[in-house]
Amino acid sequence: MPRLLLIDDDEHLAAPLAAYLKRFDLTLESALRPSVGLAKLREGGFDAAILDVMLPEMDGFALCRTIRADPQLAALPILMLTARGDVMDRVIGLELGADDYLPKPFEPRELAARLQTILRRRQPVVPAATAPAENGRRLVFDGIEIDLDRRQVLRDGAEVELTGTEFELLALLAGEPHKVFTRDEILSRLRGHDADVYTRAIDILISRIRKKLEPLDCIKTLRNAGYTFAGARQP
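Within each chain, residues carry numbers counting from 1 in the order of the written sequence. Per-residue local features are limited, in this predicted model, to residues with pLDDT of at least 70; the limit for side-chain atom pairs, both in listing and counting, is 80 or more; totals at the level of whole chains, interfaces and linings are taken over all residues. To obtain the side-chain values, all non-hydrogen atoms of the structure were used and water was disregarded.

### Some points on helix H6 (residues 164-175)
For H6, which comprises 12 residues, the first-to-last C-alpha distance of 16 Å matches the rise-based estimate of 16 Å (1.5 Å per residue) to within 8%. Three exposure classes are used, based on accessible area relative to the maximum for each residue type with a 1.4 Å probe and protein chains only: buried under 20%, partly exposed in between, and exposed over 50%. Numbering of helices and strands runs from the N terminus, with a helix taken as a DSSP run of H or I at least four residues long and a strand as a DSSP run of E at least two residues long. Burial within H6 is extensive, with 10 of its 12 residues counted as buried. Buried within H6 we find Gly164, Thr165, Glu166, Phe167, Leu169, Leu170, Ala171, Leu172, Leu173 and Ala174. Each helix should span, by expectation, one fewer than its residue count multiplied by 1.5 Å.

### A closer look at the sheet that holds strand E9 (residues 158-160)
Being paired, for any two strands, means DSSP has found at least two bridges between them. Read across the sheet, four strands follow the order E6-E7-E8-E9 without closing on themselves; strand pairing throughout is antiparallel. With one partner strand each, in any of the chains shown, strand E6 (138-141) and E9 form the two edges of the open sheet. Going across the sheet, the axis of each strand differs from the next one's by a mean of 20°, ignoring polarity. Contacts from H6 reach E6, strand E7 (144-147) and strand E8 (152-155) within the one sheet, and its direction differs from that of E7 by about 110°. Comment: axis = line fitted to C-alpha atoms, over the contacting stretch for helices; angle = value between 0 and 180 degrees taken between N-to-C directions. Should any heavy atoms of two residues lie within 4.5 Å, those residues are counted as being in contact.

### Considering the pairing of E8
Looking at chain direction, E7 and E8 are connected through four bridges and run antiparallel. Residue pairing in the sheet places Ile144 in a bridge with Arg155 of E8. Linking E7 to E8, which pair antiparallel, is a turn of four residues; within it Arg151 sits at a positive phi near 55°. For E8 and E9, the ladder comprises three bridges, and the chain directions are antiparallel. In the strand pairing of E9, Val153 is matched with Val160. Here E8 folds back onto E9, and the loop between the two strands holds two residues, one of which, Asp156, carries a positive phi near 50°.

### Focus: the side chain of Asp99
Take Asp99: it is sitting in the loop between helix H4 (87-95) and strand E5 (100-103). Two N or O atoms form a polar contact when they lie within 3.5 Å of each other; inside protein one atom must be a possible hydrogen donor and the other a possible acceptor, and for residues adjacent in sequence the pair counts only when both atoms belong to side chains. A distance of 3.0 Å separates a polar atom in the side chain of Asp99 from a polar atom in the side chain of Arg68. Among the polar contacts made by the side chain of Asp99, one reaches the side chain of Thr165 at a distance of 3.1 Å. Setting aside its immediate chain neighbours within four residues, Asp99 contacts Arg68, Leu76, Pro77, Ile78, Ile118, Arg121, Thr163, Gly164 and Thr165.

### Things to note about the sheet that holds strand E4 (residues 78-82)
Ordered by their spatial adjacency, five strands build an open sheet running E2-E1-E3-E4-E5, and the pairing between neighbours is parallel. Of all the strands in the sheet, the pair left with one neighbour each is strand E2 (27-31) and E5. Strand-to-strand twist in this sheet, taken as the mean axis angle between neighbours without regard to direction, amounts to 20°. Pairing between strand E1 (residues 3-7) and E2: five bridges, direction parallel.

### Details of the packing of helix H1 (residues 14-21) against helix H5 (residues 108-120)
Two numbers describe how H1 lies on H5: the axes approach to 10 Å, and their chain directions differ by 65°. Crossing hand, H1 versus H5: right-handed. Side by side, H1 and H5 meet where Leu17, Tyr20 and Leu21 of the first sit next to Pro108, Arg109, Leu111, Ala112 and Leu115 of the second. The sense of a crossing depends on the near helix, which, turned anticlockwise from the far helix by less than a right angle, makes the crossing left-handed and, turned clockwise, makes it right-handed.

Written as structure tokens, this is what we have:
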């Protein structure tokens, strides 16, 4: 059963939310302060974190940045609860590496759906020594290899740390090289629904992926059209 940590200073939120998420086989624990939440996350065993933006000690953005900078926690899926659906909150959260966002107030069913989506994207930890000799599905291009089974990306042989959402987007584009994907199409494919979508999110995710793949330049922007993967395929 996936184990989640809610970091939110609303002491009345966690208990009813935990009871609701239990219906979806999700176990929710909570921390009222970022320092306590970070300590719990570093103990291990959590499958995702839910961060409120408005927090004591440090805000949710600083907390997200701290989690992404910690090698032990860098791949942990993060969902941010943004204040009043503020678009700028969403922009900042995504730029810092959040996998998704949900405006407050929110419906618990919507939170459960978002959590199930980002948990499906979670990168499995597969030690190289125990990996099968032949992994079934790989996309290999000049300078980059995408292992769809292990959810691993290698750039010139070095592993690239991507969040679950970043991996899904890269795999989508690379799966059909030279096809132009519109922002709306990408959002629909990644989320599986069109509710509360926001196309700037795709631009932010693409920018993050490009930065991590540097100096490779394999994702191209087609003005007023969308994005395409332009890598040269290897046999």
